[in-house]
Amino acid sequence: SFQIPISSEGETARNVLHHSLQYLTLEEVADLIIYYTEEYPRKFNRDKTILVINIGLWYNKSKFPGLPKNDNDLLDDLKFLTRVCTDRKAKCIFRETSPQHFLTPAGDGLYAQGSSGCMKEPPASFDTLDRWRNDMLYDVVGEVTSKISSKSGKKSFLKVMPLFDRLAGLSAAHIKMGGDCTHYYSDPAYWEPWHLSLTEVLTDIAGTINDSTETF
């Protein structure tokens, strides 16, 4: 499972990926995808690995002190990673970015300079929570899978793992230390919907495998 943040050295999310407590470039991420798709199964006599990739939270639509405006970078990086997955015929699951619950006048949950802590209660309508990162993810994955289907008639192993809506009501489950309304406590309230979503998408992949022995 890969997660792409901004490093403590101030590098942008475009350039680094957090994996096993190390910061990697996107090119190194591509190497990991290739390794787990090709060399790893041969070396350990296993089927191709299913990769869960989480990318989104550290990209922002607005610029703040210490946080760059890099929404266009997210689009480029999603296109890059989906291309690597399809080129190498990797089974890649892109996890939806989880919702943030910063208390803002707009009720969108996104970080805003001067925001006064986290929402004490979830918003009356989850529709007010901004899901722009996931909208971008679905656009990119949808375009790729549509091209695969029109070209070969086959289903794609490129999937999206739903999670945003299942965590939208957990405004009280954030760590909150230092005003953190992004990360969640690792308890059942967080992991149960996470595991449910993962099980559903793995079941979908199993159905794709049963329909065809070839990917893409």
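Anything mentioned here points back to the structure above.
Summary of the structure given here. (Residues numbered from 1 in each chain as written. Predicted model: local features only at pLDDT ≥ 70, side-chain atom pairs only at ≥ 80, totals over all residues. Heavy atoms only, no water.)

## A word on the overall build of the protein chain
A count of helical and extended segments in the protein chain gives 5 helices and 6 strands. Order of helices (α) and strands (β) in the protein chain, N terminus to C terminus: β-β-β-α-β-α-β-α-β-α-α. The buried share among the 216 residues of the protein chain stands at 47%. Relative to all contacts within the protein chain whose residues are 6 or more apart in sequence, the contacts with residues 24 or more apart total 63%. (Helix = DSSP H or I, 4+ residues; strand = E, 2+ residues; numbered from the N terminus. Buried < 20%, exposed > 50% of the residue type's maximum accessible area, 1.4 Å probe, protein only. Contact = heavy atoms within 4.5 Å.)

## Some details on the state of the cysteines
Taken as a whole and assessed by the stated rule, the structure comprises 2 disulfides. A disulfide bridge connects Cys85 with Cys92, and the sulfur atoms are separated by 2.2 Å. Judged by the torsion about the S-S bond (-90°), the Cys85/Cys92 disulfide is left-handed. Disulfide partner of Cys118: Cys181, at an S-S distance of 1.9 Å. Here Cys118 and Cys181 share a disulfide; its torsion about the S-S bond, -95°, makes the bridge left-handed. You can see Cys118 sitting in the loop between strand E5 (91-95) and helix H3 (132-152) and its partner Cys181 sitting in the loop between helix H4 (164-167) and helix H5 (188-211), a full 63 residues away along the chain. Cys181 carries the same exposure label as Cys118, and that label is buried. (Disulfide = S-S within 2.5 Å.)

## Here we look at the pattern of salt bridges
For the structure shown, the criterion picks out 7 salt bridges. Measuring nitrogen to oxygen at the nearest pair gives 3.0 Å for the salt bridge that ties Arg166 to Glu200. With a gap of 34 residues between them, Arg166 in helix H4 and Glu200 in helix H5 connect regions that are remote in the sequence. A relative accessible area of 37% places Glu200 in the partly exposed class. (Salt bridge = Lys/Arg side-chain N within 4 Å of Asp/Glu carboxyl O.)

## As for the nonpolar core
If you look at the biggest cluster of nonpolar residues, it comprises 27 residues, and the most contacted ones within it are Ile33, Leu81 and Phe94. For this core, the secondary-structure elements that each account for two or more residues are helix H1 (26-44), strand E4 (50-55), helix H2 (71-87), E5 and H3. The element contributing the most residues to this core is H3, with 7 residues. Core analysis: the next-biggest nonpolar cluster, separate from the first, contains 14 residues, Val52, Leu163, Leu170 and Ile205 among them. (Core = buried A, V, L, I, M, F, W, Y, C linked by side-chain atoms within 4.5 Å.)

## Concerning the environment of Leu163
Locating Leu163 in the fold gives a position in the loop between strand E6 (159-161) and H4. Between the C-alpha atom of Leu163 and that of Leu196, which follows or precedes it by 33 residues, the distance is 9.2 Å. Setting aside residues up to four positions removed in sequence, Leu163 forms contacts with Arg95, Glu96, Pro193, Trp194 and Ser197.

## Considerations on H1
For H1, spanning 19 residues, the distance from its first C-alpha to its last is 25 Å, which sits close to the expected 27 Å at 1.5 Å a residue. Most pronounced at Tyr35, the bend in H1 amounts to some 40°. Taken residue by residue, H1 has Leu26, Val29, Ala30, Leu32, Ile33, Thr37, Tyr40 and Pro41 as its buried positions. A positive backbone phi angle near 55° is found at Asn45, which sits one or two residues after H1. (Expected span 1.5 Å × (residues − 1). Bend = angle between axes of the 7 residues up to and from the residue.)

## Considerations on the packing of aromatic side chains
What the rule picks out here adds up to 7 aromatic pairs. Centroid distance Tyr184 to Tyr190: 5.4 Å. Interplanar angle 25°. Geometry classified as stacked. Through a chain of ring-to-ring contacts, the aromatic side chains of Tyr184, Tyr190, Trp191 and Trp194 assemble into a single cluster. (Phe/Tyr/Trp six-rings, centres within 6.5 Å; stacked < 30°, edge-to-face > 60°.)

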